[in-house]
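Inside the fold
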Amino acid sequence: MFDSALPVMRRPGVAVLLANSVLMFAGFFMLIPLVSVYGTQELGLTAGAVGSILAIRIVLQQGLTIVWGGVADGVGYKPILAAGIAVRTLGFAMFAFAYDYWGLMAAALV
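Residues numbered from 1 in each chain as written. Predicted model: local features only at pLDDT ≥ 70, side-chain atom pairs only at ≥ 80, totals over all residues. Heavy atoms only, no water.

**Digging into the environment of Leu60**
Within the secondary structure, Leu60 is located in helix α3 (residues 47–75). Beyond its immediate sequence surroundings of up to four residues, Leu60 is in contact with Ala108 and Leu109. (Helix = DSSP H or I, 4+ residues; strand = E, 2+ residues; numbered from the N terminus. Contact = heavy atoms within 4.5 Å.)

**Quick word on the packing of α3 against helix α4 (residues 77–97)**
Two elements in contact, α3 and α4, have axes whose closest approach is 9 Å; the angle formed by their N-to-C orientations is 160 degrees. On the basis of their axis angle, the class for α3 and α4 is roughly antiparallel. Considering how the two elements wind past one another, α3 and α4 form a crossing that is right-handed. Side by side, α3 and α4 meet where Ile53, Arg57, Gln61, Trp68, Val71, Ala72 and Val75 of the first sit next to Tyr77, Pro79, Ile80, Arg88, Phe92 and Phe95 of the second. When grouped by side-chain class, the residues that make up the contact of α3 with α4 number 10 nonpolar, one polar and two charged. (Axes fitted to C-alpha atoms, helices over the stretch in contact; angles between N-to-C directions. Parallel < 35°, antiparallel > 145°, perpendicular 65-115°, else oblique. Left-handed = near helix turned anticlockwise from the far one by under 90°. Nonpolar A, V, L, I, M, F, W, Y, C, P; charged D, E, K, R; others polar.)

**Some points on the layout of surface pockets**
Considered as a void within the structure, the largest pocket measures approximately 980 Å³ in volume. For the lining of the largest pocket, the secondary-structure elements that each account for two or more residues are α2 (12–42), α3, α4 and α5 (101–109). Considering each element in turn, the lining of the largest pocket owes the most residues, 10 residues, to α4. (1 Å grid on protein atoms, 1.4 Å probe; cavity = no way out; pocket = protein on both sides within 12 Å on 5 of 7 lines; lining within 4 Å. Points joined across faces, edges and corners; volume = space filled by probe spheres on them.)

**Looking at α2**
Over its 31 residues, α2 runs 42 Å from end to end, which matches the ideal 45 Å to within 8%, given 1.5 Å per residue. All buried positions along α2 are accounted for by Met24, Gly27, Phe28, Leu31, Val35 and Gly39. (Expected span 1.5 Å × (residues − 1). Buried < 20%, exposed > 50% of the residue type's maximum accessible area, 1.4 Å probe, protein only.)

Shown next as structure tokens:
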């Protein structure tokens, strides 16, 4: 059943995309509890404030998928994929250096 998929899996580009997806998901699922704890315990924000930051991040990520998918159809998937990885990296880095509500919100918006 999976024999037809094996030649595709041996292509280096597919392996890189799969590794990228795994690392992106791992980073995302490590970020959510970290931002929650950091925001409430270190910055003294309320649970509602931290929840709004995380909600904005998730809504933008999921909501803009359709928009950027359409752009990728017109431009091509490689430049959009590279830009998306760069923007996501910037957003994660901004979370690392945020020290107040607005810094966390800016990182969520990116």
